[in-house]
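The lines below spell out each chain.
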Amino acid sequence: MSQAEAVGPAGVGRSRNPLWTFGILRSELTTTLRRWRTLALLGVLAAVPVLIGIAVRIETSDGSPAGPGGGGGPAFLSQVTNNGLFLVFAALSVTLPVFLPMAVGVIAGDSIAGEAGAGTLRYLLVAPAGRTRLLLAKYASTLAFCLVATVVVAASALAVGALLFPVGEVTTISGTQIGFGEGLLRAGLIAVAVAASLIGFAALGLFISTLTGSGIAAMAATVGVLITVQILDSIPQLSGMHPYLFPHYWLSFADLLRDPVYWDDVVKNLGLQGLYAAVFGSAAWARLTAKDITA
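Worth saying up front: this structure is predicted, and the values here are computed from it rather than measured.

Draft legend 1. Geometry of the overall build of the protein chain. When helices and strands are counted, the protein chain shows 12 helices and 2 strands. Mapped in sequence order, the helices and strands of the protein chain form the string α-α-α-α-α-α-α-α-β-β-α-α-α-α. For the protein chain, the share of sequence-separated contacts (at least 6 apart) that also reach a separation of at least 24 residues comes to 75%. Of the roughly 13100 Å² that the protein chain leaves accessible, carbon and sulfur atoms contribute 69%.

Okay, structure coming up:
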C-alpha cells in the first residue's frame, strides 16, 4: 500500500490494535509537555501568582488594604493579606479570562495544523493509528495541558501565598469559616473546575486546527475567536446570547467558596463546556476524517 492510500479519507486497511491508542496518547503527552514552547507557557503562568503576591505584599506594606472589596473575581485580592490561600483563588480568577485560555489556544491550535505545517501529519497517519484515535490523542493531550497549566498556577500561588502571608482558617464568601484543610480541598476542587472550564475552548481550537495547514494561523485564529467571544460576552445589549458563550460561566468557580456550595452556575458551566466539546469535537472529526492529507 502506498503512503497516499494509507492516508486517504477512508483510512482502510489499517491494523486496529488497541495498544496503538495508548502508545499514541503517551507519545502525544510526552511531546506536548516536553516542548520548549509548552515549558515557556507554563513558566509564564507560574510567574503570574508570583507577581500578584509581590504586588500585594508591597501595596499592603504600610497596612493599607489590597484590592477592591467584595468576594468575587479579582476581589479575592482583598483577602490575600489575611490568608495566603486566597492567592490561589485570586490568581485563578486573574489567569482564567486571559492567560490560561490563550495558552490552551496555542496548544490546541497547533495540534493538527502544526503537524501539517511541519510535514509530519502524513507520516503520523501512515502508522496504524487511524485518524479518529490520532484526533482523540491530540485532544486528550490538550486537556492534560489544561489540567497541568491550572495546577501550575494554583501550586505557584499556594507556595507564594504561604511564603508571603499568614495561612489559617478560610472565611467563605457566605461569611462562615472553614478549616485550612477544607480550604485546601476547596482550592483543589476549584482548580479542577477551572481546568474543566477550558474543555469546550480546547475542542474549538482543535477544530480550527483541522481547517488549515499553518500552525501560526491556527493559533492566531483560536486566540482571535477567544477575544471576539469575550468582547461579545461583555456587551450588555447582547445579554440574550451570553449564556450560550463558552466563557460566560468561567468565574462561577467562586461559588465553590460559598457555604453551602452553590452549584447552579458551576453545573451550567460544565454542561456548556460539554456541549461545545461535543459540537466542535464532532466537527473536528468530520473535517479530519474527510480531509486529503498532502503534507
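Further notes follow.
Draft legend 2. Main features of unusual backbone geometry. P260 follows D259 through a cis peptide bond whose omega is 5°. Assignment of secondary structure puts P260 in the loop between α11 (215–233) and α12 (264–289).

Draft legend 3. Expanded view of the nonpolar core. Counting 63 residues, the largest nonpolar core has F76, V80, V88, F89, I190 and F246 as the members making the most contacts within it. Other than its neighbours up to four places away in sequence, F89 contacts F76, G183, A187, I190, F253 and L257.

Draft legend 4. Quick look at the packing of helix α5 (residues 86–95) against helix α9 (residues 180–196). Where α5 contacts α9, the two axes come as close as 10 Å, and the packing angle between them is 10°. Relative to α9, the element α5 is oriented roughly parallel. Packed against α5, whose contacting residues are V88, F89 and L92, the element α9 presents G183, A187, I190, A191 and V194 at the interface. Taken together, the residues of the contact of α5 with α9 sort by class into 7 nonpolar, 1 polar and no charged.

Draft legend 5. The side chain of T150, seen in detail. Structurally, the position occupied by T150 is in helix α8 (residues 131–164). On the accessibility criterion, T150 (0% relative accessible area) is buried.

Draft legend 6. Structural context of a nonpolar patch on the surface. Where nonpolar side chains cluster on the molecular surface, the patch consists of V50, I54 and I58 and spans about 250 Å² of accessible area. On the basis of relative accessible area, I58 is assigned to the exposed category, the value being 58%.

Draft legend 7. View of the pattern of salt bridges. In total, this model carries 4 salt bridges according to the counting rule given. Where R35 meets D110, a salt bridge forms, and the shortest distance between an N and an O atom there is 3.8 Å. You can see R35 sitting in the loop between α2 (19–34) and α3 (36–59) and its partner D110 sitting in helix α6 (residues 99–118), a full 75 residues away along the chain. Using a relative accessible area of 29% as the deciding quantity, one classes R35 as partly exposed. Owing to a relative accessible area of 10%, D110 belongs among the buried residues under this scheme. D255 is the salt-bridge partner of R258, the closest N and O atoms lying 2.8 Å from each other. Sharing partners across several salt bridges, the network here consists of R35, R37 and D110.

Draft legend 8. A look at the side chain of D233. Tracing the backbone shows D233 in helix α11. Of the buried charged residues, D233 lacks a salt bridge, with K268 as the closest side chain of opposite charge at 13 Å.

Draft legend 9. Layout of the packing of aromatic side chains. Considering all chains together, one arrives at 6 aromatic pairs under this definition. Between F86 and F89 the ring centres are 5.4 Å apart and the planes differ by 85°, which places this aromatic pair in the edge-to-face class. Remark: F89 and F86 occur in helix α5; sequence separation between them is 3 residues, near one turn of the helix. With respect to burial, F86 and F89 carry one shared label: buried. Centre to centre, the rings of Y276 and F280 are 5.8 Å apart; their planes meet at 20°, and the pair counts as stacked. In this pair, Y276 and F280 are both assigned in helix α12, 4 residues apart and thus about one turn of the helix distant.

Draft legend 10. Representation of the confidence of the model for the protein chain in the model. Chain-level pLDDT for the protein chain is 83 on average; 80% of the residues reach the 70-or-more range. In the predicted structure, residues 1–8 sits below a pLDDT of 50 and forms 17 contacts with residues beyond four places in sequence or in another chain.

Draft legend 11. Region of the structure containing α5. Across the 10 residues that make up α5, a large majority, 9, are buried. Considered for burial, the residues of α5 that qualify are F86, L87, V88, F89, A90, A91, L92, S93 and T95.

Draft legend 12. Local environment of the environment of K268. Positionally, K268 belongs in helix α12. It is 8.9 Å that separates the C-alpha atoms of K268 and P243, two residues lying 25 residues apart in sequence.

Criteria and thresholds
Residues numbered from 1 in each chain as written. Predicted model: local features only at pLDDT ≥ 70, side-chain atom pairs only at ≥ 80, totals over all residues. Heavy atoms only, no water. Helix = DSSP H or I, 4+ residues; strand = E, 2+ residues; numbered from the N terminus. Contact = heavy atoms within 4.5 Å. Areas by Shrake-Rupley, 256 points an atom, 1.4 Å probe, with all protein chains shown as cover. Core = buried A, V, L, I, M, F, W, Y, C linked by side-chain atoms within 4.5 Å. Buried < 20%, exposed > 50% of the residue type's maximum accessible area, 1.4 Å probe, protein only. Axes fitted to C-alpha atoms, helices over the stretch in contact; angles between N-to-C directions. Parallel < 35°, antiparallel > 145°, perpendicular 65-115°, else oblique. Nonpolar A, V, L, I, M, F, W, Y, C, P; charged D, E, K, R; others polar. Patch = residues over 30% accessible without salt bridge, like charges linked within 9 Å, V, L, I, M, F, W, Y side chains within 5 Å. Salt bridge = Lys/Arg side-chain N within 4 Å of Asp/Glu carboxyl O. Lys, Arg positive; Asp, Glu negative; His and termini not counted. Phe/Tyr/Trp six-rings, centres within 6.5 Å; stacked < 30°, edge-to-face > 60°. pLDDT = per-residue confidence, 0-100.

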